[in-house]
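Each chain is listed here by its residues.
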Amino acid sequence: MQLFATAIGAALAAMLVAKTVGQPLLGLLGDHLGRRRVLVLAGGGALAATTLMALAPSPPAILAWMVIAGLFTGGVLPLVDAQALADPQLNYGRIRLWGSVGFALANIGAGALIDAAGRGIIIWLEVAALALPALAALSVPGLPPP
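Procedures and definitions
Residues numbered from 1 in each chain as written. Predicted model: local features only at pLDDT ≥ 70, side-chain atom pairs only at ≥ 80, totals over all residues. Heavy atoms only, no water. Helix = DSSP H or I, 4+ residues; strand = E, 2+ residues; numbered from the N terminus. Rg over C-alpha atoms; globule rule 2.2 N^0.38 Å. Buried < 20%, exposed > 50% of the residue type's maximum accessible area, 1.4 Å probe, protein only. Contact = heavy atoms within 4.5 Å. Areas by Shrake-Rupley, 256 points an atom, 1.4 Å probe, with all protein chains shown as cover. Lys, Arg positive; Asp, Glu negative; His and termini not counted. Charge placed at Lys NZ, Arg CZ, Asp CG, Glu CD. pLDDT = per-residue confidence, 0-100. Core = buried A, V, L, I, M, F, W, Y, C linked by side-chain atoms within 4.5 Å. Axes fitted to C-alpha atoms, helices over the stretch in contact; angles between N-to-C directions. Parallel < 35°, antiparallel > 145°, perpendicular 65-115°, else oblique. Left-handed = near helix turned anticlockwise from the far one by under 90°. Nonpolar A, V, L, I, M, F, W, Y, C, P; charged D, E, K, R; others polar. Salt bridge = Lys/Arg side-chain N within 4 Å of Asp/Glu carboxyl O. Expected span 1.5 Å × (residues − 1). Polar contact = N/O pair within 3.5 Å; in protein donor to acceptor, adjacent residues only side chain to side chain.

**Topic: the overall build of the protein chain**
Point 1. A count of helical and extended segments in the protein chain gives six helices and zero strands.
Point 2. Mapped in sequence order, the helices and strands of the protein chain form the string α-α-α-α-α-α.
Point 3. Expected size for 146 residues packed as a compact globule is a radius of gyration near 15 Å; at 16 Å, the protein chain falls within 12% of this value.
Point 4. Projected onto its principal axes, the C-alpha positions of the protein chain cover 50 × 30 × 20 Å.
Point 5. A total of 146 residues make up the protein chain; the buried ones form 24% of that total.
Point 6. A separation of at least 24 residues holds for 77% of the contacts in the protein chain among residues at least 6 apart in sequence.
Point 7. Roughly 9000 Å² of accessible area belongs to the protein chain as shown, and the carbon and sulfur atoms make up 73% of that amount.
Point 8. Taken together, the 7 basic and 5 acidic charged side chains of the protein chain have centroids lying 3 Å from each other.

In structure tokens form, the structure reads like this:
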């Protein structure tokens, strides 16, 4: 489905607002339910919403799924950071270093894939990129809520 620039702009803006709203909500849930549980929920929710967005039949459906995905993804990084900082056995600087290196390499690899396969692969790369943290959240050690 082809979207016009105004629809793309509106969807991206709505997703940014949703991320801004979702971030403190996921943090609050993480404090009450445990970060691991909320990370699994957020990862799975973002993965499901993005997959459904890829299959959406109309621009309003795409917009709705983008907002839902934004609600789930907004607080993931702060929750991961809080989880890492709460464990004295972890080296937070090293985690951030390799996370940044991985992000850069993933962008280079995704660019090469898009160049080879075309723009139609972008949404499926997003789905694949969200599947990894959704699965990784299952291995996060459970710490009690503060």
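**Overview of the confidence of the model for the protein chain**
Point 1. For the protein chain, mean pLDDT is 88; residues scoring 70 or higher make up 95% of the total.
Point 2. Mean pLDDT across the secondary structure elements of the protein chain bottoms out at helix α4 (residues 76-86), with 84, and peaks at helix α5 (residues 92-117), with 94.

**A few points about the nonpolar core**
Point 1. Ala-11, Met-15, Ala-49, Met-53, Ala-56, Ala-61, Ile-62, Met-66 and Ala-69 form the largest nonpolar core, which has nine residues in total.
Point 2. Those elements that provide at least two residues to this core are α1 (5-33), α2 (35-54) and α3 (59-73).
Point 3. With four residues, the top contributor of residues to this core is α3.
Point 4. Counting seven residues, the second-largest nonpolar core is a separate cluster that includes Leu-26, Val-38, Ala-42 and Leu-79.

**Structural notes on the packing of α1 against α3**
Point 1. Where α1 meets α3, the closest approach of the two axes is 6 Å, and the angle between their N-to-C directions is 30 degrees. One way to sum up the angle between α1 and α3 is to call them roughly parallel. Seen along the crossing, α1 lies across α3 with a hand that is right-handed. Contact residues: Ala-10, Ala-11, Leu-12, Ala-14, Met-15, Ala-18, Lys-19, Val-21, Gly-22 and Leu-26 in α1; Leu-63, Met-66, Val-67, Ala-69, Gly-70, Leu-71, Phe-72 and Thr-73 in α3.
Point 2. Partitioning the contact of α1 with α3 into residue classes produces 14 nonpolar, three polar and one charged.

**Some remarks on the pattern of salt bridges**
Point 1. All chains considered together, the criterion is met by one salt bridge.
Point 2. Between Arg-96 and Asp-81 there is a salt bridge, with the nearest N and O atoms lying 3.5 Å from each other. Of this pair, Arg-96 sits in helix α5 while Asp-81 sits in helix α4, and the two are 15 residues apart along the sequence.

**Quick notes on α3**
Point 1. Counted at 1.5 Å a residue, the expected span for α3 with its 15 residues is 21 Å, and the 21 Å between its end C-alpha atoms agrees.
Point 2. Regarding α3, the residues found buried are Ala-61, Ile-62, Met-66, Ala-69 and Gly-70.
Point 3. Elements in contact with the buried residues of α3: α1 and α2.

**A short note on the side chain of Asp-87**
Point 1. Summarising the element assignment, Asp-87 is placed in the loop between α4 and α5.
Point 2. Here Asp-87 sits buried without a salt bridge, and the closest side chain of opposite charge, Arg-35, lies 9.4 Å off (N-O distance).
Point 3. In this structure the side chain of Asp-87 is engaged in a polar contact, spanning 2.9 Å, whose partner is the backbone nitrogen of Gln-89.

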